[in-house]
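Take a look at the letters that make up each chain.
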Amino acid sequence: MTPVSPAASNTASAIRVIVVDDQELVRSGLRRILRRRDGLEIVAECGDGSEVVAALEANPADVVVMDLRMRQVDGITATGLVRALPEAPPVLVLTTFDEDELVSGALRAGAAGFILKDSPAEELVMAVRSVALGDAWLDPAITGRVLATYRSAVALPASRAVEVSELTDRELEVLRGLASGWTNSEIAERLVISELTVKSHIGRIFAKLDLRDRAAAIVFAYDHGIVRPAI
């Protein structure tokens, strides 16, 4: 684990990020992208998933950017360890184009989203910000395949169809918005309701469908045909 120096950590309002990746070249690239001048601050770096819990204890963070393939503790296991912590920060997974099974495993472990490692810098910044603020981020380039893999690995109980029927028309609209990657403010604007109302709808959706977070809601929406991915 490599914490940043106290002198560098001087932007109280910045989104605090912990980077977990076993390749120094990748971490170096992320340092150039996730900059304080863009409202982001890397507060610690980990070379393996085994280091992330200690890093969080020493450096509270708003989001963890997590690689999947690491030598000792992989990204799926490390994501589960992070999400089991009290007041756990969300996890954004870094992936390559051919890691669908690993990404679906990270979603099951509680990751809030995933993004390809070769995505443009501005897209990565947007993804980190979105996840840190409580939204989900599913890279559209691989979402269809990842969800297909997720679907094949998770047995969906038949009762879920009944649960979907319990959603009101407005809750379905909000769920479609979530699955389309809209933020709360975007949902509010498009449905002409307040953000507070959107949050209330989301809370009821989570309760009715027994979902833990936005990423789970997105997966649920795709699995049940509420929205359809472009494959």
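Residues numbered from 1 in each chain as written. Predicted model: local features only at pLDDT ≥ 70, side-chain atom pairs only at ≥ 80, totals over all residues. Heavy atoms only, no water.

Caption draft 1: Main features of the nonpolar core. Among the nonpolar cores identified, the biggest contains 56 residues, and Ile18, Val20, Val64, Met66, Phe114 and Leu175 are the most heavily contacted of them. Sequence-distant contacts of Leu175, that is, excluding residues within four places in its chain, are made with Leu167, Ile205, Leu209, Ala217, Phe220, Ala221 and Ile226. Formed by 19 residues, the second largest nonpolar core is a distinct cluster that contains Leu30, Leu34, Leu92 and Ala112. (Core = buried A, V, L, I, M, F, W, Y, C linked by side-chain atoms within 4.5 Å. Buried < 20%, exposed > 50% of the residue type's maximum accessible area, 1.4 Å probe, protein only. Contact = heavy atoms within 4.5 Å.)

Caption draft 2: How the structure looks around the pattern of salt bridges. For the structure shown, the criterion picks out 13 salt bridges. Residue Glu173 is joined to Arg170 by a salt bridge in which the shortest nitrogen-to-oxygen separation is 2.8 Å. In this pair, Glu173 and Arg170 both sit in helix 8 (residues 169-179), three residues apart, roughly one turn of the helix. On the accessibility criterion, Glu173 (32% relative accessible area) is partly exposed. Each member of the salt-bridge network shares a partner with another, and the members are Glu24, Arg27, Arg31 and Glu45. (Salt bridge = Lys/Arg side-chain N within 4 Å of Asp/Glu carboxyl O. Helix = DSSP H or I, 4+ residues; strand = E, 2+ residues; numbered from the N terminus.)

Caption draft 3: Spatial organisation of the packing of aromatic side chains. Considering all chains together, one arrives at zero aromatic pairs under this definition. We note Arg190 situated over the ring of Trp182; from NZ or CZ to the ring centre the distance is 4.1 Å. (Phe/Tyr/Trp six-rings, centres within 6.5 Å; stacked < 30°, edge-to-face > 60°. Lys NZ or Arg CZ within 6 Å of the ring centre and 35° of its normal.)

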